[in-house]
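# Descriptive analysis of the structure
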Amino acid sequence: MKNFRKDNKGFTIIEVLIVLAIAGLIMMVVFLAVPALQRNARNTQRKSDVSAVLGSVSEYTSNNAGKLPVTSGQFTVLFVGASPKLGFYDDTTATNVTYNYSAAPRAALPTVPAISSNDVVNVYNNLKCNGNAPTLTGASSRSIAALYNIEGSGANVLQCQET
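Structural notes, computed from the coordinates. A quick note: this is a predicted structure, and the numbers were derived from the prediction, not measured.

With that out of the way, let us pick up the overall build of the protein chain. Summing up its helical and strand segments, the protein chain has two helices and eight strands in all. Mapped from its N terminus to its C terminus, the protein chain presents α and β elements in the order α-α-β-β-β-β-β-β-β-β. Taken over 163 residues, the protein chain has a buried fraction of 33%. Accessible surface, the protein chain as shown: approximately 10300 Å² in total, 60% of it carbon and sulfur.

Put into structure tokens, the structure is as follows:
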């Protein structure tokens, strides 16, 4: 009887293909997860910036006998221009955020900002939030609400945040 001996040097083609398939799967998962993580980071920054602006407005009203800014220019100077950290940078449009302010009394709901826009925050006097939708119900002359968009997985999502 002959004694056959096989020298096991190197890898078989099947072993190499399995390793490549696993590496490809890992790379695919990483490339799918990174954009979602970046989107979530931008959304968190947007929410934080809006909270900071609304907190500043609330503090301003407390220190000024309940008075609010009367013009968009005054709002920008007092709250946005005074804090260089606000005005987050949006990678999708390569622009800084524009803050619009309206002190006019509300007879009707404001026009919702364009859903395609991530770089505009509209701040309104006499407006409250009902979930993520603006409402006049229960709003007073000291109510302040901000309408803005965050990035969703397929489309932008309107957010409403109040003081």
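So much for the structure itself; the text now carries on.
Our next topic: unusual backbone geometry. The residue Asn126 is not glycine, and still its phi comes out positive at about 60°. Of note, Asn126 is situated in the loop between strand S4 (120-125) and strand S5 (128-130).

With that settled, consider the sheet that holds strand S3 (residues 98-102). Note: strands within a sheet are paired through backbone hydrogen bonds, in either parallel or antiparallel orientation. The mixed open sheet is built from four strands, whose spatial order is S3-S4-S7-S8. Edge positions in the open sheet fall to S3 and strand S8 (156-162), since each of these has one partner strand only. The sheet shows a mean angle of 20° between the axes of neighbouring strands, direction not considered. Taken together, the five bridges between S3 and S4 define a ladder with parallel strand orientation. Residue pairing in the sheet places Ser102 in a bridge with Tyr124 of S4. Relative to the sheet, helix H1 (residues 13-63) contacts S3, S4, strand S7 (144-151) and S8, its axis offset from that of S7 by approximately 170°.

This paragraph deals with the pattern of salt bridges. Between side chains of opposite charge, pairing is possible as soon as their charged atoms come close. As enumerated under the stated definition, the model contains three salt bridges in all. The partner of Lys128 in a salt bridge is Glu162, with the nearest N and O atoms 3.1 Å apart. With Lys128 in strand S5 and Glu162 in strand S8, the pair connects residues that are 34 residues apart, well separated along the chain. According to the relative accessible area criterion, Lys128 is partly exposed, its value standing at 24%. Of the residues examined, Glu162 reaches a relative accessible area of 30% and is grouped as partly exposed.

This next bit is on the nonpolar core. If you look at the biggest cluster of nonpolar residues, it comprises 17 residues, and the most contacted ones within it are Val57, Phe75, Val121, Val123 and Ile144. Elements that contribute at least two residues to this core include exactly H1, helix H2 (72-80), S3, S4 and S7. Top contributing element to this core by residue count: H1, with five residues. Filtering out sequence-adjacent residues up to four positions away, Val123 remains in contact with Leu54, Phe75, Asn100, Tyr101, Ser102, Ile144, Ala145 and Ala146. If you look at the next biggest cluster of nonpolar residues, it comprises seven residues, including Ala145, Leu147, Leu158 and Cys160.

How each quantity is defined
- Residues numbered from 1 in each chain as written.
- Predicted model: local features only at pLDDT ≥ 70, side-chain atom pairs only at ≥ 80, totals over all residues.
- Heavy atoms only, no water.
- Helix = DSSP H or I, 4+ residues; strand = E, 2+ residues; numbered from the N terminus.
- Buried < 20%, exposed > 50% of the residue type's maximum accessible area, 1.4 Å probe, protein only.
- Areas by Shrake-Rupley, 256 points an atom, 1.4 Å probe, with all protein chains shown as cover.
- Pairing = 2+ DSSP bridges.
- Axes fitted to C-alpha atoms, helices over the stretch in contact; angles between N-to-C directions.
- Contact = heavy atoms within 4.5 Å.
- Salt bridge = Lys/Arg side-chain N within 4 Å of Asp/Glu carboxyl O.
- Core = buried A, V, L, I, M, F, W, Y, C linked by side-chain atoms within 4.5 Å.

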